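Each chain is listed here by its residues.
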Amino acid sequence: MAEYDVAVVGLGAMGSATLHQLAKAGVRAIGIDRFMPPHTRGSSHGDTRITRQAIGEGPDYVPFVLRSHALWRELEAATGETIFNPCGTLIMAPSDMPNTHHGKTGFLETTIEAARAYGIEHELLGADEIAARFPQYVGLGGRERAYFEPGGGYVRPERAIAAQLELARQNGAMVCTDMVVQAIRQSGDAVAIETENDVIRAGRAVVSAGAWTAPLLGAPFDRLLTVSRQVLHWFSLAEGAVAPDEWPVSIWMHGSGDTDYFYSFPPLPGEASIKVATEQYASHTSADMLERNVGADESAAMFDHHVNGRIAGARAPAIRAAACLYTTTPDRGFILDWHPDMDRVFVISACSGHGFKHSAGIGEAVAGVLRDEGEPIDLAPFALSRFIE
């Protein structure tokens, strides 16, 4: 007999949200993580994560983030934590060349189209308007255009995960940390989750293990998912820099290539520094082989190539840096689907570097599917079948 209705393996952004929604609905659920979330070993750390409602990766994502914004407000009301800061999101790109982000060409144009289709409040700005309104962004060449979304901003990932897990516990879910899942097997109408010391049985399982998904599940995920090392950098700001309440989250595509961009966050309250990062997909790693130390040369290169001359008052060297993991699919989209060989195992992977903003909404949607309530949000665009002939 199954001990639980649902077991959730991996309690980062997606897993904690799913477990919370299951427990909230009265489902007998257990969550399992090899570490003690929120932690710094995976993809859901670093103080802040961008959220934006109009999604340049494609309009299919928009319903998730709209629900996430509402659910984070519910989390805040239930816990007293500050999780979501709608400081605005500014997306900039050259007007005279293509722009690419997360492998999607025409990223800015798709963002604008999504905002119009869903009635999301936004403004379109030229270079002079950007400079006048946001003086912290310097070095503009006069050919920039921008999309500004006042309802965008940033989420505090560690707080969101901790809040969801706490509410899951309060609603009766079992949370097991520092427990490594070694295998998942289905037999009939039950799923066995094999750990180092025990076997946990559930009617259904959710695998949201991020960079550990492919090693755990094997084919076809081992050929579809790649893991890359990403680095976050924090640089100090000179005294007298623009006040935090006048500083949006930004994505600045300053060239035509997929890596010719960086994103930045406003200073957090009480801090005189900014967090910035870019992305790389040229080299791959694994969850257990990640080089977690960030060299001073890496931060210097980030500053020289992206930050210097573009953010007023930013100063090198970096005062802090951290490495994290992106787990991506071939089209940089999500997989939200049942396992092809285990019809009681639902897979949530990979976030492909843009998942946190959608995580609360995805958790709610997947919990609904597991409770046989249908799909409140269309999951067909995220089916595994798009990669399998």
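Novice: Explain the overall build of the chain to me, using residue names and the numbers behind them.
Specialist: A tally of regular secondary structure across the chain gives 9 helices and 21 strands. For a compact globule of 389 residues, the expected C-alpha radius of gyration is about 21 Å, and the chain comes in at 21 Å, within 12% of that figure. Each principal axis of the C-alpha distribution contributes one length, and for the chain these read about 65 × 45 × 45 Å. Burial statistics for the chain: of 389 residues in total, 56% are counted as buried. A sequence separation of at least 24 residues applies to 75% of the contacts in the chain between residues at least 6 apart. Total accessible area on the chain stands at roughly 15300 Å², and carbon and sulfur atoms take up 48% of it. The positive charge centre, built from 31 side chains, and the negative charge centre, built from 48, are 2 Å apart in the chain.

Novice: Give me the lowdown on the packing of helix H2 (residues 62-79) against helix H9 (residues 359-370), citing residues and values where you can.
Specialist: Taken N-terminus to C-terminus, the directions of H2 and H9 make an angle of 100°; their axes are 6 Å apart at the nearest point. Judged by the inter-axis angle, H2 sits roughly perpendicular to H9. Contacts between H2 and H9 involve Phe64, Arg67, Ser68, Leu71 and Trp72 from the first element and Ser359, Ala360, Gly361, Ile362, Glu364 and Ala365 from the second. By residue class, the composition of the contact of H2 with H9 is 6 nonpolar, 3 polar and 2 charged.

Novice: Go over unusual backbone geometry, please, and point to the residues and values.
Specialist: The phi torsion of most residues other than glycine is negative, and most of the peptide bonds are trans. Cis peptide bonds are those with omega within 30 degrees of zero, and the linkage from Pro37 to Pro38 qualifies with 0°. Tracing the sequence through the fold places Pro38 in the loop between strand S2 (29-32) and strand S3 (49-51). Note the cis peptide between Ala316 and Pro317, where omega equals 5°. Tracing the sequence through the fold places Pro317 in strand S19 (residues 314-328). Of note, the phi angle at Asp47 is positive, near 80°, even though the residue is not glycine. Within the secondary structure, Asp47 sits in the loop between S2 and S3. By relative accessible area, which is 16% here, Asp47 ends up buried.

Novice: With reference to specific residues and values, describe the sheet that holds strand S10 (residues 153-155).
Specialist: Spatially, S3-S10-S4 is the arrangement adopted by the 3 strands of the open sheet, whose pairing is antiparallel. Of all strands in the sheet, those with a lone pairing partner are S3 and strand S4 (84-85), marking the two edges. As defined by bridge partners, S4 adjoins S10 across 2 bridges and the pair is classed as antiparallel. What sits directly across from Asn85, in S10, is Tyr154.

Novice: Got a sec to walk through the packing of aromatic side chains? Specific residues and values, please.
Specialist: Tallied over the entire structure, the rule returns 16 aromatic pairs. Measuring from centroid to centroid gives 4.9 Å for Tyr61 and Phe334, while their planes differ by 85°, and the two rings are edge-to-face. Taken together, the residues span a long stretch of sequence, with Tyr61 in the loop between S3 and H2 and Phe334 in the loop between S19 and strand S20 (336-338) at a distance of 273 residues. With a centroid separation of 6.2 Å and 90° between ring planes, the pair formed by Tyr137 and Trp252 is classed as edge-to-face. Placement of Tyr137 in the loop between helix H4 (127-133) and strand S9 (144-149) and of Trp252 in strand S16 (residues 249-253) is noted, with a sequence separation of 115 residues between them. On the basis of relative accessible area, Trp252 is assigned to the buried category, the value being 2%.

Novice: How would you explain the environment of Asp178 if you had to name every residue and give the values?
Specialist: One can find Asp178 in the loop between strand S11 (174-176) and strand S12 (181-187). In this structure Asp178 comes out as partly exposed when scored by relative accessible area, which is 48%. For the pair Asp178 and Arg34, spaced 144 residues apart in sequence, the C-alpha separation works out to 4.5 Å. Contact partners of Asp178, with chain neighbours within four places excluded, come to Asp33, Arg34, Phe35, Met36 and Glu196.

Novice: Please give an account of the nonpolar core that cites residues and values.
Specialist: The biggest cluster of nonpolar side chains holds 71 residues, and the ones touching the most others in it are Leu19, Trp72, Tyr263 and Leu336. Ranked by the residues each element gives to this core, the list is headed by H9, at 7 residues. Beyond its immediate sequence surroundings of up to four residues, Tyr263 is in contact with Ile50, Leu232, Ser250, Ile251, Lys275, Val276, Ala277, Thr278 and Tyr326. If you look at the next biggest cluster of nonpolar residues, it comprises 34 residues, including Leu216, Leu290, Ala350 and Leu384.

Novice: I'd love a proper account of the pairing of S9, names of residues and values included.
Specialist: For S9, the tally of buried residues reaches 5 of 6 residues, placing the bulk of the element in the interior. Bridge analysis of strand S5 (residues 89-94) against S9 gives 6 bridges, and the strand direction is antiparallel. Across the sheet, the residue bridging to Ala93 is Arg145, located in S9.

Novice: Explain the sheet that holds strand S8 (residues 123-126) to me, and be specific about the residues and the numbers.
Specialist: Reading across the sheet, the 8 strands line up as S8-S9-S5-S16-S17-S18-S15-S19 and stay open at both edges, with mixed pairing between neighbours. The open sheet is flanked by S8 and S19, the only strands paired with a single partner. This sheet shows a mean twist of 20° between the axes of neighbouring strands, independent of strand direction. Contacting S5, S8, S9 and S16, helix H3 (residues 107-118) crosses the sheet at an angle of about 35° to S9. Here helix H8 (residues 296-307) sits on the sheet in contact with strand S15 (226-237), strand S17 (261-264), strand S18 (273-277) and S19, set at roughly 75° to S15.

Thresholds, definitions, all that
Residues numbered from 1 in each chain as written. Predicted model: local features only at pLDDT ≥ 70, side-chain atom pairs only at ≥ 80, totals over all residues. Heavy atoms only, no water. Helix = DSSP H or I, 4+ residues; strand = E, 2+ residues; numbered from the N terminus. Rg over C-alpha atoms; globule rule 2.2 N^0.38 Å. Buried < 20%, exposed > 50% of the residue type's maximum accessible area, 1.4 Å probe, protein only. Contact = heavy atoms within 4.5 Å. Areas by Shrake-Rupley, 256 points an atom, 1.4 Å probe, with all protein chains shown as cover. Lys, Arg positive; Asp, Glu negative; His and termini not counted. Charge placed at Lys NZ, Arg CZ, Asp CG, Glu CD. Axes fitted to C-alpha atoms, helices over the stretch in contact; angles between N-to-C directions. Parallel < 35°, antiparallel > 145°, perpendicular 65-115°, else oblique. Nonpolar A, V, L, I, M, F, W, Y, C, P; charged D, E, K, R; others polar. Pairing = 2+ DSSP bridges. Phe/Tyr/Trp six-rings, centres within 6.5 Å; stacked < 30°, edge-to-face > 60°. Core = buried A, V, L, I, M, F, W, Y, C linked by side-chain atoms within 4.5 Å.

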